[in-house]
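The lines below spell out each chain.
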Amino acid sequence: MYLNLENINIRSILTTNIDNLFEKIFEKFNNQFLNDTFLDGKLESKDIDLFKLHGSVTYSYEVPMLFSIDELTGAFLRDNSFWTAAQIKHFSFPSLFWGINIDDPNIVDLINKDNFGKRPCGHNWILILPDTKYDLDAETYADDGYFIIRGNTRSLLDYFQYNMNTKNKETFLDSGIKSDEAKYFYAYSLESILKQKHPARPVKLFYEGDNPRWSDIIENQLFKLTFFNTALNDILKYKHVHITGLSGSGKTTLLMQLAASKEILGTKYFFDTLTVNQAKKFISEIDKKNIVYIFIDNLSSNLDAFDILKTINNYRIISAERDTITYTINGINNLASDTSIIDISNITQSEVNNICNFMHKSEYKYKNEQVSLFEIVFKLWFNYSAKERIQQIIEKLPDDLLEFYTIITYARYAGISCSFEMLLAYYYNECDYKQIYKYAKNLRSLVDDENYYDDDDSQDYFSLRSKIFSEMSITIIDPNVLSKVIRRFHNNINQRLIPNFKMFKRKAWDADIMCIAFQDWREGKNFYDEQILKNNDFFIKHQYAIYLYRKNMVDDAWRLIEEAYNDSNGRVFSIRNTHATYLFDRNIDKKEDSHDTVINSLLSSFDELEKCLNNDNSKTYHVTTYARHALKFYHRYKNADSRFIINKAITYIDRELKNNDFKPFKLIRALQDQRTQLLRME
């Protein structure tokens, strides 16, 4: 009976049920997937968003379920951003209220049109039982502009079966593609991408910081680095290839050039985003006998899907991600052992000269081996740096445009584009949708409104033209503006509206950006305290501890990292590393007591780091921490124990420098510098 739901085009489901009925129903559907927004946020796909207003039996025990009238009445009051998210979902599309308790205060708030303000609202239907005792309810809602359906659940589902079929039944038979693959994944295939008529654009837009477009690749407008041949050879030799490098080093461009290359023969697909449900569907429908090449950009955003695809023997995955993130991914065993990792960070002066010739520009002296390709190209094109350009633009922005720019910058810094729903929530009851588009239009030289989430055609997305722009902008924007935007962002925008929330949360509470935004530790402390009240996550506590530590509040930082360590059961090695660091730093300058408490605590921190070294594949971070502590320990004690620890640190560094595991250049340089310092202590 419930399978008739597949006949209608559902965008979102808001339910007061706490059971898993909807999850069980949609497990049986072939082309529709359910996305619980509490767990994953908004996914950039046609998956149906599920909002569970009263909690769920499927959530962890820390998440409350709401039963009593008092709990229900205060539910949205305790989390106003959730109420805003539910309202935005409601007024964005036509809505059907079905099987609801119209005495539920949450539902009363949700369907009360007085709460919509001046927002345009889709049509609304409400299912009311046919019994005469419900006639007054029907009249009341009809007077409020609702379309009334009299019936019950069975009669409504029967209606869906016999009278509605809005799903797109288009097939690809005319093009000769007859498999189910065509219906769902053909748009991602290189066959489809290369056949499309992509709009041409001036190449200067790429040099100004735009992401590469398929028209740039197909028309061969962009320079090919020598890494192209290296990657091409490895694709034909290894099972998987991963491209990494600095931000702005050309990873996405190279990935697209490889995907479009005629040298790689066979079936090819390109994904910017890929959900777990899509990956499972891909495996069930795409050839598992012949070689299939799958190109995945922004690997960290798609790790769960990647883990599923890499298990299929005939799939060859070519992925791309930033060097520091690649190091972390590789450390937790996400990259397969038969993966070739190609770091494209460092290019030669000869390569720079070739780029100059390709762009018809004069010679550029390449002195800094860690300057990104983007910065070189930008300087060649404009004769000044990208940072200088951003500084000039920001200084001229009026307050309202600067606030909008900062919202987009913060979202891009955290790895996502800003959805229109997010902006509606941020500006809730302050400005209408026309003003949002006006802001974007006025910033069109920096803000890109192309929808990178092609699967989500329900709304527009806005992003800075380059992630490196966001990283530069964060250091330029007035900290008072940045802190105001971050605080309002988290107060007004619920996680259920945020695209790819799992990706967003990795950087959203990052201590690096909070130290810039909240320069007064009292403001920063207040912000983090508010966040933990809403989301008691050990990840946030970890970043909170780092923030306090950098503000020289060592004792408070120790308390927070202890909580994060205990909450994570000591399973997260980055938290264990920070825990060992703060234990060491909290005691290294303290006077010894009669129980040798200080030296025992210091030695305990070395033991904890050794456990990290023995159990975590991302060893370099732990080695550099161990070496840093060894130097401090030696300077204090200068005894046999300290010399033994110095020698151990040298051994660990030598081992790291000799192994062939991928490491970002800056980590290799740090190891080399520390080794030099340690040798002086012998």
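Within any chain, residue numbers begin from 1 and follow the written order of that chain's sequence. With the structure being a predicted model, the display of local features is reserved for residues of pLDDT at least 70 and the display and counting of side-chain atom pairs for 80 or more, all residues being used for whole-chain, interface and lining totals. Derived side-chain values reflect all non-hydrogen atoms in the structure, with water molecules and hydrogen atoms excluded from consideration.

Colleague: Give me the lowdown on the overall build of the chain, citing residues and values where you can.
Modeller: Of the regular secondary structure elements, the chain holds 34 helices and 14 strands. Relative accessibility thresholds used throughout: buried, under 20% of the residue-type maximum; exposed, over 50%; partly exposed, between the two (1.4 Å probe, protein chains only). The buried share of the chain, taken over its 682 residues, is 52%. In this description, contact between two residues means that some pair of their heavy atoms is separated by no more than 4.5 Å. Taking the intrachain contacts of the chain between residues at least 6 apart in sequence as the baseline, contacts between residues at least 24 apart amount to 68%. Numbering of helices and strands starts at the N terminus; helices are DSSP runs of H or I of at least 4 residues and strands are runs of E of at least 2.

Colleague: Could you give an account of the packing of helix α28 (residues 538-550) against helix α29 (residues 554-567), naming the residues involved and the relevant values?
Modeller: To get an axis, fit a line to the C-alpha atoms, keeping to the stretch in contact for a helix; angles then go from 0 to 180 degrees between the N-to-C directions. In contact at an axis separation of 8 Å, α28 and α29 are set at 160° when each is read in the N-to-C sense. With respect to their mutual orientation, α28 and α29 come out roughly antiparallel. For the pair α28 and α29, the sense of crossing is left-handed. Each of Phe538, Lys541, His542, Tyr544, Ala545, Leu548 and Tyr549 in α28 lies in contact with α29, whose residues at this interface are Val554, Asp556, Ala557, Leu560, Ile561, Glu563, Ala564 and Asp567. Side-chain classes are defined by residue name, with Ala, Val, Leu, Ile, Met, Phe, Trp, Tyr, Cys and Pro counting as nonpolar, Asp, Glu, Lys and Arg as charged, and the others, Gly among them, as polar. A class-by-class count of the residues in the contact of α28 with α29 yields 10 nonpolar, 1 polar and 4 charged. Note on terminology: angles under 35 degrees are roughly parallel, angles over 145 are roughly antiparallel, angles of 65 to 115 are roughly perpendicular, and the others are oblique. The handedness criterion is simple: a crossing whose near helix is rotated anticlockwise from the far helix by less than a right angle is left-handed, and one whose near helix is rotated clockwise is right-handed.

Colleague: Describe the pairing of strand β9 (residues 292-296), and please don't skip the residues or the numbers.
Modeller: Burial runs high along β9: 5 of the 5 residues are buried. Across the two faces of β9 the burial is the same, with Val292, Ile294 and Ile296 and Tyr293 and Phe295 all buried. As judged from the 5 bridges shared by strand β8 (residues 267-271) and β9, these two strands associate in the parallel manner. Within the sheet, the bridge partner assigned to Lys268 lies in β9 and is Tyr293. With respect to chirality, the unit in which β8 leads through helix α14 (residues 276-285) into the neighbouring parallel β9 is right-handed. Call a crossover right-handed when, viewed with both strands pointing away from you, the route from the first strand across the helix to the second goes clockwise. Crossover β9 to strand β10 (residues 315-322) through helix α15 (residues 303-309) is right-handed. Following DSSP output, two strands are said to pair if at least two bridges run between them.

Colleague: Explain the packing of aromatic side chains to me, using residue names and the numbers behind them.
Modeller: Ring pairs are drawn from Phe, Tyr and Trp, using the six-membered ring of Trp, whenever the two centres fall within 6.5 Å, and their geometry is named by plane angle: stacked under 30 degrees, edge-to-face over 60, tilted for the rest. Per the stated rule, a full pass over the model turns up 44 aromatic pairs. Between Phe185 and Phe282, the aromatic rings sit 5.0 Å apart at their centres with planes inclined by 80°, giving edge-to-face as the arrangement. With Phe185 in helix α8 (residues 180-185) and Phe282 in helix α14, this pair connects stretches of sequence that are 97 residues apart. Summarising the burial analysis for this pair, Phe185 and Phe282 share the class buried. Note on geometry: a ring has a charge over it if NZ (lysine) or CZ (arginine) is within 6 Å of the ring centre and within 35 degrees of the ring normal. In this structure, Lys361 is placed above the aromatic ring of Trp381, and the distance from its NZ or CZ to the ring centre is 4.8 Å. When the ring centre of Tyr426 is taken as origin, the NZ or CZ atom of Arg488, which lies over that ring, is 4.6 Å away.

Colleague: Help me get a handle on the environment of Phe160, residues and values and all.
Modeller: Within the element layout of this structure, Phe160 appears in helix α7 (residues 153-163). A relative accessible area of 5% means that Phe160 is categorised as buried. Counting along the chain gives 154 residues from Phe160 to Glu6, while the straight-line C-alpha distance between them is 8.9 Å. Beyond its immediate stretch of four places on either side in the chain, Phe160 contacts Asn4, Leu5, Asn7, Ile8, Leu96 and Trp98.

Colleague: Describe the sheet that holds strand β3 (residues 48-52), and please don't skip the residues or the numbers.
Modeller: Here 3 strands make up an open sheet; going across it, the order is β1-β3-β2 and the pairing parallel. At either end of the open sheet lies a strand with only one pairing partner, and these are β1 (12-15) and β2 (34-36). Neighbouring strand axes in the sheet, compared pairwise and without regard to direction, differ in orientation by 25° on average. Pairing analysis gives 4 bridges linking β1 to β3, with the strands arranged parallel. Across the sheet, residue Leu14 finds its bridge partner in β3, namely Phe51. Sitting on the sheet, helix α4 (residues 80-92) is in contact with β1 and β3, with an inclination near 140° to β3.

Colleague: Talk me through the side chain of Ser301; I want residue IDs and the actual numbers.
Modeller: Looking at the secondary structure, you find Ser301 in the loop between β9 and α15. We classify Ser301 as buried; its relative accessible area is 18%. Excluding its chain neighbours within four sequence positions, the residues that come into contact with Ser301 are Asn500 and Met503.

Colleague: A description of unusual backbone geometry should follow, citing residues and the corresponding values.
Modeller: Excluding glycine, most residues fall at negative phi; most peptide bonds, likewise, are trans. Unusually for a residue other than glycine, Asn383 sits at a positive phi of about 70°. With respect to the helices and strands, the residue Asn383 is situated in the loop between α18 (373-382) and α19 (386-396). Using a relative accessible area of 65% as the deciding quantity, one classes Asn383 as exposed. With a phi angle near 45°, Lys638 is a residue other than glycine that sits in the positive phi range. Given the relative accessible area of 52%, Lys638 is considered exposed.

Colleague: Can you lay out the sheet that holds β9 for me, pointing to particular residues and giving the numbers?
Modeller: Strand order across the open sheet formed by 5 strands is β8-β9-β10-β7-β11, with parallel pairing between neighbours. Taken across any chain shown, the strands that pair with only one partner, and hence form the sheet edges, are β8 and β11 (339-343). When the angles between neighbouring strand axes are averaged without regard to direction, this sheet yields 15°. Where helix α16 (residues 323-331) meets the sheet, its contacts fall on β7 (240-245), β10 and β11, and the angle it forms with β10 comes to roughly 130°.

Colleague: Which residues make up the confidence of the model for the chain, and what values go with them?
Modeller: Of the residues in the chain, 88% reach a pLDDT of 70 or more, and the chain-wide mean stands at 85. Across residues 167-182, confidence stays below pLDDT 50; counting only partners more than four residues off in sequence or on other chains, it has 18 contacts. How sure the predictor is of each residue is captured by pLDDT, a score from 0 to 100.

Colleague: Lay out the side chain of Ser463 with the relevant residues and their values.
Modeller: As for its position among the elements, Ser463 is in strand β14 (residues 461-464). In terms of polar contacts, Ser463 uses its side chain to reach the side chain of Arg412, at 3.1 Å. Within 3.5 Å is the distance limit for a polar contact, defined as a pair of N or O atoms, with the added protein rule that one can donate a hydrogen and the other accept it, and that residues adjacent in sequence qualify only through two side-chain atoms.

Colleague: Mind laying out the pairing of β7, listing which residues take part and the relevant values?
Modeller: With 6 of 6 residues buried, β7 is to be regarded as a mostly interior element. Burial along β7 is two-sided: His240, His242 and Thr244 and Val241, Ile243 and Gly245, pointing in opposite directions, are all buried. Looking at chain direction, β7 and β11 are connected through 5 bridges and run parallel. Within β11, the position partnered with Ile243 by the bridge is Ile342.

Colleague: Quick one: what's the story with α16, residue by residue and with numbers?
Modeller: One full turn of an α-helix is made of 3.6 residues, so residues set three or four places apart face in the same direction. Turning to α16, its buried residues are Asp323, Thr326, Tyr327, Ile329 and Gly331. At its buried positions, α16 is contacted by β7, α15, β10, β11, α32 (619-637) and α34 (665-679).

Colleague: A description of the packing of α32 against α34 should follow, citing residues and the corresponding values.
Modeller: What describes two packed helices is the angle between their axes and the distance between those same axes. Axis separation between α32 and α34 bottoms out at 10 Å; the angle between their running directions is 25°. The orientation of α32 with respect to α34, classified from their angle, is roughly parallel. Where α32 crosses over α34, the handedness of that crossing is left-handed. Contacts between α32 and α34 involve Thr620, Tyr621, Val623, Thr624, Ala627, Arg628, Ala630 and Leu631 from the first element and Leu667, Leu671, Gln674, Gln677 and Leu678 from the second. Within the contact of α32 with α34, the residues separate by chemical class into 8 nonpolar, 4 polar and 1 charged.

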